[in-house]
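Residue-level structural notes
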Amino acid sequence: MFSIFCEKEQTNKRQFRSRLLPSNQLGATLVEFALVFPIFLGIVAATIDFSWTLFQIHCISSSVRAGVREVATTRTGTCPAGIEQTAKNLTIAKLGTYGLTIDPNNVTPQVLTPAQLQGYLRHNAAFIEVEVKKQISCLFCFGLPQNLTVEQTAVARIENAWLCSGNPYPYY
């Protein structure tokens, strides 16, 4: 009885296959799959690589912006050199929250004087600018350079006067 059941099932499979494709086209499906599958994998890999690169660029951009904003809006109580160092440390820490490491020499904070921002100031205020240069690498490098250098700059007006004598930046 078991052998009869197996024979019957084999016959049903053959009939189903022959109804699906004619016997002379059974190998054509495999050839088409072999031609299309590598192209599909390439598209998937390129999409993953492009997305990874955009994610890293977004992380760098938002880290620089968040670091500058935090420095500009919190009272640090230090002179401009201290504010620059605080901006550098906060930007590096914000990059670390995304799992990105950076050489501290590639983070350049600077307190901008009113003379450097002529035509942009409504009042005599000071601004903090942080520039970050980071090399990011791609996963598969489909159409992208092997090492891509991302430069991101953020500028914010310093909201609080720092508490030091001889402050060169008067606030209103």
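Residues numbered from 1 in each chain as written. Predicted model: local features only at pLDDT ≥ 70, side-chain atom pairs only at ≥ 80, totals over all residues. Heavy atoms only, no water.

**Considerations on the overall build of the protein**
A tally of helices and strands in the protein yields 3 helices and 3 strands. In the protein, which comprises 172 residues, the proportion classed as buried is 26%. Taken as a whole, the protein presents about 11600 Å² of accessible surface, with 59% of it coming from carbon and sulfur. (Helix = DSSP H or I, 4+ residues; strand = E, 2+ residues; numbered from the N terminus. Buried < 20%, exposed > 50% of the residue type's maximum accessible area, 1.4 Å probe, protein only. Areas by Shrake-Rupley, 256 points an atom, 1.4 Å probe, with all protein chains shown as cover.)

**Side note on the nonpolar core**
Among soluble globular proteins, nonpolar side chains are generally buried collectively. By size, the foremost hydrophobic cluster in this structure holds 22 residues, and its most contacted members are Ile 60, Ile 128, Val 130 and Val 132. Of all the elements in the fold, those that place two or more residues in this core are helix 2 (26-73), helix 3 (80-97), strand 1 (107-112), strand 2 (127-137) and strand 3 (147-157). Element by element, the count of residues in this core is highest for helix 2, at 6 residues. Apart from the residues within four sequence positions on either side, Ile 60 is in contact with Leu 95, Leu 100, Val 132, Lys 134, Ile 136, Val 150 and Gln 152. (Core = buried A, V, L, I, M, F, W, Y, C linked by side-chain atoms within 4.5 Å. Contact = heavy atoms within 4.5 Å.)

**Remarks on the sheet that holds strand 1**
Taken together, the 3 strands give an open sheet; going across it, the order is 1-2-3, and neighbouring strands pair in antiparallel fashion. Among the strands making up the open sheet, the edge pair consists of strand 1 and strand 3. Within the sheet, the average angular offset between the axes of one strand and its neighbour, ignoring direction, is 15 degrees. Here strand 2 pairs with strand 3 via 11 bridges, running antiparallel. Paired with Lys 133 across the bridge in strand 3 is Glu 151. (Pairing = 2+ DSSP bridges. Axes fitted to C-alpha atoms, helices over the stretch in contact; angles between N-to-C directions.)

**Side note on the confidence of the model for the protein**
When pLDDT is low, close inspection of the predicted coordinates is not appropriate. Per-residue confidence for the protein averages 76 on the pLDDT scale, and 64% of its residues sit at or above 70. The element-level mean pLDDT for the protein is lowest in helix 1 (residues 2-20), coming to 56, with helix 2 highest at 88. (pLDDT = per-residue confidence, 0-100.)

**Description of the side chain of Glu 129**
Its place among the elements puts Glu 129 in strand 2. Buried charge without a partner: Glu 129 forms no salt bridge, and the closest opposite charge is Lys 133, 11 Å away. Ignoring anything within four residues of it in the chain, the contact list for Glu 129 reads Thr 108, Pro 109, Gln 110, Leu 112, Thr 153, Ala 154 and Val 155. (Lys, Arg positive; Asp, Glu negative; His and termini not counted. Salt bridge = Lys/Arg side-chain N within 4 Å of Asp/Glu carboxyl O.)

**Points about the environment of Ile 43**
Mapped onto the elements of the fold, Ile 43 is located in helix 2. Judged by relative accessible area, which is 52%, Ile 43 ranks as exposed. For the pair formed by Ile 43 and Phe 142, sequence separation is 99 residues and the distance between their alpha carbons is 9.4 Å.

**Describing the side chain of Thr 91**
Mapped onto the elements of the fold, Thr 91 is located in helix 3. Taking the relative accessible area as the measure of exposure, Thr 91 reaches 0% and is therefore buried.

**Focus on the pairing of strand 2**
Both strand 1 and strand 2 contribute to a ladder of 6 bridges, which runs antiparallel. Looking at strand 2, one finds that Pro 109 is bridged to Val 130.

**Description of the environment of Ile 48**
Relative to the helices and strands, Ile 48 resides in helix 2. On the basis of relative accessibility, which here comes to 44%, the residue Ile 48 falls in the partly exposed class. Sequence separation between Ile 48 and Leu 139 is 91 residues, and the spatial gap between their C-alpha atoms is 8.2 Å. With near-sequence residues (within four places) excluded, Ile 48 lies in contact with Leu 139 and Phe 140.

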